[in-house]
Amino acid sequence: MQNSLKHVAIIMDGNGRWAQKRGLPRLSGHEAGARATRKIVELVKDRRIKYLTIYAFSSENWRRPVEEVEGLWKLLDRFIDEEVGRLKETGVNFNVIGDISKLSDRLQAKIRHTIELTKTNAAVFLNIALNYGGRDEIVRALNAAIKERSGPIDEDGFRKYLDTSGIPDPDLLIRTGGEWRISNFMLWQIAYTEIYFTDILWPDFDGKALDDAIGWFATRQRRYGMTSEQVES
Ligand code: FPP
């Protein structure tokens, strides 16, 4: 049976090394990364994949040098300004996961405005992870659940409190940049996700690289705890 691919999640790593290789400042690498991000939204949409979640700023990225942190937020702010029209027109439903209460009021308002503006779009659902950490998300969900409910909670009950409520779990997680780790990304949601690591640095990740990942995903047998005989029957 063919694997259905509804949701791709991406850890976009390698911007810094891409810049370093060219003797450029790290922020130029992030700018090139933002250009790759723009393209990937289109490529995912063209391939009729419904959900794309990208890790743009982790709850741990605040530990980077202050100029880089400020530069990244400026870039994200500009990305929204420059992309909002195109997202709206091309059917992209814009959403954010992560704790955006820590961002400036101005950026929060811009994010809310973009979510509102694209809320009826349904060609592709783009989730940008901003100030996102998987453990932080689980703890926030837990606190929200405790506040609202009493007594035990099951998995489906708990899911509703996650930032990804209503979004299917990723089928495929891609990490670029050659590292083999998860870095606190979607810890709950990737329980049965197929994970693809590539050495390609994020700014170089293109349509061919995406198709290679999708091709690899197609070869995976998804068993969800069952035996291969059960899955094949
Ligand atoms: C990791 O590369 C990348 C990030 C921490 C930020 C991701 C941001 C972008 C792709 C650009 C902005 C995104 C949007 C949506 C506008 P790294 O700096 O850790 O690379 P390195 O491991 O080579 O140093």
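Scroll up a little and you will see the structure.
Report follows, based on the coordinates. (Residues numbered from 1 in each chain as written. Predicted model: local features only at pLDDT ≥ 70, side-chain atom pairs only at ≥ 80, totals over all residues. Heavy atoms only, no water.)

**Considerations on the packing of aromatic side chains**
Then, in step 1: If you walk through the whole model with that rule in mind, you get 12 aromatic pairs.
Then, in step 2: A centroid spacing of 5.0 Å and a plane angle of 25° characterise the contact between Tyr51 and Phe125, whose relative ring orientation is stacked. Highlighted residues: Tyr51 in strand 2 (residues 51–58) and Phe125 in strand 4 (residues 124–132), separated in sequence by 74 residues.
Then, in step 3: Taking the relative accessible area as the measure of exposure, Tyr51 reaches 15% and is therefore buried.
Then, in step 4: Using a relative accessible area of 22% as the deciding quantity, one classes Phe125 as partly exposed.
Then, in step 5: Three or more aromatic residues joined by ring pairs make a cluster, and in this case those are Tyr55, Tyr132 and Phe185. (Phe/Tyr/Trp six-rings, centres within 6.5 Å; stacked < 30°, edge-to-face > 60°. Helix = DSSP H or I, 4+ residues; strand = E, 2+ residues; numbered from the N terminus. Buried < 20%, exposed > 50% of the residue type's maximum accessible area, 1.4 Å probe, protein only.)

**Notes on the site of the ligand**
Then, in step 1: Residues in close proximity to the ligand total 17 residues, the closest being Asp13, Gly16, Arg17, Arg26 and Arg64.
Then, in step 2: Arg17 is positioned with one of its side-chain polar atoms (N or O) 2.7 Å from an oxygen atom of the ligand.
Then, in step 3: Compared with its free state, where it exposes 620 Å², the ligand has 92% of that area covered by protein.
Then, in step 4: When residues of the shell around the ligand are traced back to their parent elements, those giving at least two are helix 1 (15–21), helix 2 (26–46) and helix 3 (66–89).
Then, in step 5: The leading source of residues in the shell around the ligand is helix 2, at 5 residues.
Then, in step 6: For the shell around the ligand, a count of residues per class yields 6 nonpolar, 7 polar and 4 charged. (Near = heavy atom within 4 Å. Polar contact = N/O pair within 3.5 Å; in protein donor to acceptor, adjacent residues only side chain to side chain. Areas by Shrake-Rupley, 256 points an atom, 1.4 Å probe, with all protein chains shown as cover. Nonpolar A, V, L, I, M, F, W, Y, C, P; charged D, E, K, R; others polar.)

Geometric values such as these leave the question of function open.
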